[in-house]
Amino acid sequence: MLAEGGALDDVRLLSGERTAGFNRPLGGPEDPDIAAFGGQLPSIDGFWLGGPAPAVAAAKHPSAICHPGGGNSMGWADPATRLGAAICHNRLSEPGGADATLELASAIRVGLGLD
């Protein structure tokens, strides 16, 4: 639903105005948030934004909204590619460390022809 801009099976559940704020940053692109592992500030509506920082790298694209979880679990939705995914695992690791989350995210994109 988040990757589709608030609609699920052609039924609008969230307004376009509401979903437009999901990937609009709180601050400027140069305003790092130390709580976000040195990454960009969260969006106006509280989601993190994809990018190169280890905690959000699985979401990859800056238009993707995501929420990192414990041990490098990750859920994200990318309106640009219409991909939504969640990776939850039981092998906890530190952000940026050796972790299967980035490999799984890449495999998903490659398998769908998005990378």
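For the structure itself, consult the block above.
Reading the values: rules and limits
Residues numbered from 1 in each chain as written. Predicted model: local features only at pLDDT ≥ 70, side-chain atom pairs only at ≥ 80, totals over all residues. Heavy atoms only, no water. Phe/Tyr/Trp six-rings, centres within 6.5 Å; stacked < 30°, edge-to-face > 60°. Helix = DSSP H or I, 4+ residues; strand = E, 2+ residues; numbered from the N terminus. Pairing = 2+ DSSP bridges. Contact = heavy atoms within 4.5 Å. Axes fitted to C-alpha atoms, helices over the stretch in contact; angles between N-to-C directions.

J.: Just to check I follow, could you spell out the packing of aromatic side chains for this structure?
T.: We describe a pair of aromatic rings using the distance from one ring centre to the other and the angle between the two ring planes. Enumeration over the complete set of coordinates arrives at one aromatic pair. Their ring planes at 65° and their centres at 5.0 Å tell us that Phe22 and Phe47 sit as a pair that is edge-to-face. Taken together, the residues Phe22 in the loop between helix 1 (16–20) and strand 3 (48–49) and Phe47 in the loop between helix 1 and strand 3 connect sequence positions 25 residues apart.

J.: It is not clear to me how the sheet that holds strand 6 (residues 83–87) should be interpreted in this structure. Could you clarify?
T.: To summarise the sheet geometry, strands pair through backbone hydrogen bonds and adopt either a parallel or an antiparallel arrangement. Reading across from one edge, 3-4-5-6 is the order of the four strands in this open sheet, with antiparallel pairing throughout. Of all strands in the sheet, those bounded by a partner on one side alone are strand 3 and strand 6. Both strand 4 (residues 65–68) and strand 5 (residues 74–78) contribute to a ladder of four bridges, which runs antiparallel. In the strand pairing of strand 5, Pro68 is matched with Met74. Contacts from helix 2 (residues 100–111) reach strand 5 and strand 6 within the one sheet, and its direction differs from that of strand 6 by about 150°.

Nothing here speaks to function; it is all geometry.
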